[in-house]
Amino acid sequence: MSRLKIGIVCYPTLGGSGVVATELGKALAKLGNEIHFITTGHPSRLSGYDERVYLHKVVTGEYPLFQQYAPYSLSLAVKIREVAEQYRLDLVHVHYAIPHAASAFLAKEMLKPQRLPTMTTLHGTDITLVGIMPSYYEITRFSIEKSDAVTAVSEFLRRETVREFRIERPIEVIHNFVDTELFRPKASCAARTRLSPNGEKVLMHISNFRKVKNLPVLLQVFNDVQKHIPARLALVGDGPERESVERQAEDMGIIDRVDFLGDQEFVAELLPAADVFLLPSQHESFGLAALEAMACGVPVVGSRIGGLPEVIIHEETGYLCDPNDVACMSAIVLGLLRDEDLRLKIGRAARARAEQEFNRDKVVARYVDAYQRLVSA
Ligand code: GMT
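So, a few notes on the structure that sits alongside this text. Everything numeric here is computed off the predicted structure, so don't read it as measured data.

### Here's the deal with the site of the ligand
Here comes step 1: In the region of the ligand, 16 residues are neighbours, and Gly 16, Ser 17, His 123, Thr 125 and Glu 284 sit closest.
Here comes step 2: Gly 16 places a main-chain nitrogen or oxygen 2.4 Å from an oxygen atom of the ligand.
Here comes step 3: The separation between an oxygen atom of the ligand and a polar main-chain atom of Leu 288 is 3.0 Å.
Here comes step 4: Its free accessible area being 480 Å², the ligand has 92% of it covered by the protein chains.
Here comes step 5: Of the residues assigned to the shell around the ligand, the class counts are 4 nonpolar, 11 polar and 1 charged.
Here comes step 6: Counting the residues that make up the shell around the ligand, at least three belong to each of domain 1 (5–177 + 359–376) and domain 2 (190–357).

The following block contains the structure:
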């Protein structure tokens, strides 16, 4: 296998697409490839030094006319072109279609006659929420068709993309992955002392606190559960809904049982402290946080929507309910918290599924294979 020089474009924030892109880049570098991250900031999971990893910052030039809308897509296209020329990249792989796939297309055109194969990985809301907005629809469809290779993180997302955008080119499904060495069950977990000071059960949720995460339902489930069993809720992450969640918790009189931990980089240290992980999303193309919980042996109770049924096998490796079915989720959580043998059994099965189906090396090998096909096409 020849080593490649790969440009990776992603949002550097704590969102799942940035996490997947960063973990992929790190794993590819360990395999001997040269990785060039092209982003607006330092990717949150990129730590430590690897001589094969480069970081190129996209800077949007300021001008009074741009006050409301600095043209990031154009600055990104310029940066991709520049890095591709300077380092003779073999390909550029963009994560999240909007606007990255369009910028990659522009960079490819500007770079001619140098060749720059482009790959786009669709992550979810770039298709299901943002891409279908009238102001983005045509450019999303165009840039997907113009990518030299397209992957989707679940079969659900592949189907949705074909249906919504009438895409005719092939889209390969490559599921997300988890580092099962890093994300693993821990018999004694330091975070547990803080999250469960009096031996309470711990429910956990990690997200970017957007509407799609259905946080009001999550609070209702917790409220039901804590009426029957001493429990605390650990909320990890931040985003637009955080304030309203805080207000709702106050109105419900449960704020003293909820820990708002904010954005946390080392979630592998927190997840093993949970008894149950909750993900009642309205949309979820994959649910990376659910997979990371599963790898830590924590049973997930989530929504039967999107790509989650590809990750969680109901009643075997976790549980699925309709997204607004509070009674269903509360009953399942209570059942797990009252039956430690069942909770441990589901947790073990979840961990085994993460190891077998979604382990990092297996999935990264699929990307490497797709790159090889792309560069030799
Ligand atoms: O939720 C978002 O809008 C953020 C988005 C992202 O870019 O982080 O998340 C999506 O990509 C993740 C990584 O592939 C998936 O695990 C999430 O399920 C997906 N989110 C949604 O579909 C809502």
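### A short note on unusual backbone geometry
Here comes step 1: Note the cis peptide between Ile 98 and Pro 99, where omega equals -10°.
Here comes step 2: Positionally, Pro 99 belongs in helix H3 (residues 97–111).
Here comes step 3: Cis geometry marks the peptide bond from Lys 112 to Pro 113, where omega comes out at 10°.
Here comes step 4: In this structure, Pro 113 sits in the loop between H3 and strand E5 (118–122).
Here comes step 5: Even without being glycine, Phe 209 reaches a positive phi, approximately 50°.
Here comes step 6: Residue Phe 209 is classed as buried on the basis of its relative accessible area, which comes to 0%.
Here comes step 7: In the Ramachandran plot, Glu 315 falls in the positive-phi region, its phi being about 70° despite a non-glycine side chain.
Here comes step 8: Positionally, Glu 315 belongs in the loop between helix H12 (308–311) and strand E13 (319–321).
Here comes step 9: Note on Glu 315: relative accessible area 54%, which makes it exposed.

What counts, and where the lines are drawn
Residues numbered from 1 in each chain as written. Predicted model: local features only at pLDDT ≥ 70, side-chain atom pairs only at ≥ 80, totals over all residues. Heavy atoms only, no water. Near = heavy atom within 4 Å. Polar contact = N/O pair within 3.5 Å; in protein donor to acceptor, adjacent residues only side chain to side chain. Areas by Shrake-Rupley, 256 points an atom, 1.4 Å probe, with all protein chains shown as cover. Nonpolar A, V, L, I, M, F, W, Y, C, P; charged D, E, K, R; others polar. Domains from an automatic or database assignment. Helix = DSSP H or I, 4+ residues; strand = E, 2+ residues; numbered from the N terminus. Buried < 20%, exposed > 50% of the residue type's maximum accessible area, 1.4 Å probe, protein only.

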